[in-house]
Amino acid sequence: MTQLENKIVIITGASSGIGHAAAKLFAEEGAKLVVGARRQVELDTLVGEIRASGGQAIALAGDVREEAYAKALVGLAHTEFGGLDVGFNNAGQLGDLGEAPGITLASWQETLETNLTSAFLGAKYQLPAMLERGSGSLIFTSSFVGYTVGMPGMAAYAASKSGMVGLTKVLAAEYGPRGIRANALLPGGTNTEMARAHSNTPEAREFVCGLHALKRIARPEEIAQTALYLASDASSFTTGQAILVDGGVSINRT
Ligand SMILES: NC(=O)c1ccc[n+]([C@@H]2O[C@H](COP(=O)([O-])OP(=O)(O)OC[C@H]3O[C@@H](n4cnc5c(N)ncnc54)[C@H](OP(=O)(O)O)[C@@H]3O)[C@@H](O)[C@H]2O)c1
């Protein structure tokens, strides 16, 4: 028996990085997937690969800042597969970096909308679908940045990501009595498009690796393993938690 046998799962941010790795892993574990992001071609390729391996997936391209998109993803999970068990709300952006006075209001709002408001919108439509089944697991990709570490130049990103932890705790308390769990997944540095954009010189990459106790950043597949745990019934008594999967970046002082 695979770990997500017959579970219906939405994954946002599936066109690359952690979401892409999670989609591949979840499909191998028997999930029926609705995958989202803005880039249609990448989503189509992913769906093609999953189907070629015998998995089940369908894509819907869109922008997680749009309420209609959050609603449409859940609608597709219903029409294609018959309901929803797991919402892996993973899409995110780094946004503009720099000291706070130099960040424009528009840039601040874009990062908050992409990372935090999208999590709220995802939950807003995913929760009623989960209530129909009497169970469910919400997962929000947050970050160590803003939770355990104050990284200079990342005010909007940190605020959005720590806001997701607060959202997680409230949803876990509100919906725990009705069988729905909510957890935040807090990766350390992970080798994705986002990390490569942030650390775009050998010196920057070496610096970021050195921040971690393991002296490296993660492969997206390593983070996907914890998402799998949170999506599956193996985590049936885990809710309201901020789960650090950070290679020790939070405890490291060397
Ligand atoms: N990499 C790290 O070091 C790290 C560390 C901690 C937390 N995280 C978090 O992990 C999550 C995944 O990021 P990643 O590292 O895997 O980077 P990534 O490869 O850049 O993936 C980001 C994903 O989010 C999607 N996305 C961004 N803005 C979107 C929008 N407005 N609407 C819909 N989709 C959108 C992107 O797809 P499209 O461009 O196709 O829309 C892409 O699939 C993010 O929430 C990030 O903050 C990453």
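Residues numbered from 1 in each chain as written. Predicted model: local features only at pLDDT ≥ 70, side-chain atom pairs only at ≥ 80, totals over all residues. Heavy atoms only, no water.

Enquirer: Before we go on, may I ask you to explain the site of the ligand in this structure?
Expert: By nearness alone, 30 residues border the ligand, and Arg 38, Arg 39, Tyr 157, Lys 161 and Thr 192 come closest of all. The side chain of Arg 39 places a nitrogen or oxygen atom 2.8 Å from an oxygen atom of the ligand. Contact distances for the ligand include 2.9 Å between a nitrogen atom and a side-chain N or O atom of Asp 63. Contact with the protein chains removes 94% of the 880 Å² of surface that the ligand exposes when unbound. Going through the elements one at a time, helix H1 (17-28), helix H5 (155-175) and helix H6 (193-198) are the ones with two or more residues in the shell around the ligand. Residues of the shell around the ligand, tallied by class, amount to nine nonpolar, 15 polar and six charged. (Near = heavy atom within 4 Å. Polar contact = N/O pair within 3.5 Å; in protein donor to acceptor, adjacent residues only side chain to side chain. Areas by Shrake-Rupley, 256 points an atom, 1.4 Å probe, with all protein chains shown as cover. Helix = DSSP H or I, 4+ residues; strand = E, 2+ residues; numbered from the N terminus. Nonpolar A, V, L, I, M, F, W, Y, C, P; charged D, E, K, R; others polar.)

Enquirer: I keep staring at the sheet that holds strand S3 (residues 56-61) and nothing clicks. Help me out?
Expert: Across a sheet, strands are paired by hydrogen bonds formed along the backbone, either parallel or antiparallel in direction. Pairing within the open sheet is parallel, and its seven strands lie in the order S3-S2-S1-S4-S5-S6-S7. Single-partner strands in this sheet number two, and they are S3 and strand S7 (242-245). Strand-to-strand twist across the sheet, computed as the mean angle between neighbouring axes with direction ignored, equals 20°. With three bridges joining them, strand S1 (residues 8-12) and strand S4 (residues 86-89) adopt parallel strand pairing. What sits directly across from Val 9, in S4, is Val 86. Where H1 meets the sheet, its contacts fall on S1, strand S2 (32-37), S4 and strand S6 (180-187), and the angle it forms with S1 comes to roughly 165°. Each of S1, S2 and S3 touches helix H3 (residues 67-81); the most contacted strand, S3, lies at about 150° to it. (Pairing = 2+ DSSP bridges. Axes fitted to C-alpha atoms, helices over the stretch in contact; angles between N-to-C directions. Contact = heavy atoms within 4.5 Å.)

Enquirer: Where do I start with the packing of aromatic side chains in this structure?
Expert: Here the distance between the centres and the angle between the planes together describe a pair of aromatic rings. This structure, assessed with the given rule, holds one aromatic pair. With centroids separated by 6.3 Å and ring planes inclined at 25°, the aromatic side chains of Phe 26 and Phe 88 adopt a geometry described as stacked. Of the two residues, Phe 26 is situated in helix H1 and Phe 88 in strand S4; the sequence distance between them amounts to 62 residues. Relative accessible area serves as the criterion here: at 0%, Phe 88 is assigned to the buried category. The residue whose ring lies beneath Arg 178 is Tyr 175, and the NZ or CZ to ring-centre distance is 4.3 Å. (Phe/Tyr/Trp six-rings, centres within 6.5 Å; stacked < 30°, edge-to-face > 60°. Buried < 20%, exposed > 50% of the residue type's maximum accessible area, 1.4 Å probe, protein only. Lys NZ or Arg CZ within 6 Å of the ring centre and 35° of its normal.)

Enquirer: What am I meant to see in the packing of H1 against helix H8 (residues 220-231) here?
Expert: Between two packed helices, the angle of one axis relative to the other and the distance separating the axes together describe the packing. Interhelical geometry of H1 versus H8 gives an angle of 60° and a closest axis separation of 8 Å. It follows from the interaxial angle that H1 and H8 lie oblique. Crossing angle aside, the handedness with which H1 passes H8 is right-handed. Contacts between H1 and H8 involve Gly 17, Ile 18, Ala 21, Ala 22, Leu 25 and Phe 26 from the first element and Pro 220, Glu 221, Ile 223, Ala 224, Gln 225, Ala 227, Leu 228 and Ala 231 from the second. Here the residues of the contact of H1 with H8 are counted per class, giving 11 nonpolar, two polar and one charged. (Parallel < 35°, antiparallel > 145°, perpendicular 65-115°, else oblique. Left-handed = near helix turned anticlockwise from the far one by under 90°.)

Enquirer: I would appreciate a short explanation of the side chain of Arg 181 in the present structure.
Expert: Checked against the element boundaries, Arg 181 lands in strand S6. No salt bridge is formed by the buried Arg 181; the nearest opposite charge belongs to Asp 233, separated by 5.3 Å. Among the polar contacts made by the side chain of Arg 181, one reaches the main-chain carbonyl oxygen of Ser 232 at a distance of 3.3 Å. Those residues in contact with Arg 181 that lie beyond four places of it in its chain are Gly 136, Ser 137, Leu 138, Leu 230, Ala 231, Ser 232, Ser 235, Ser 236, Thr 238 and Thr 239. (Lys, Arg positive; Asp, Glu negative; His and termini not counted. Salt bridge = Lys/Arg side-chain N within 4 Å of Asp/Glu carboxyl O.)

Enquirer: How should I be thinking about the side chain of Thr 12 in this particular structure?
Expert: Residue position: Thr 12 is located in strand S1. Polar side-chain contacts of Thr 12 include one of 3.1 Å to the backbone nitrogen of Ala 91. Those residues in contact with Thr 12 that sit more than four places away from it in its chain are Gly 19, Gly 36, Val 64, Leu 73, Phe 88, Asn 89, Asn 90 and Ala 91.

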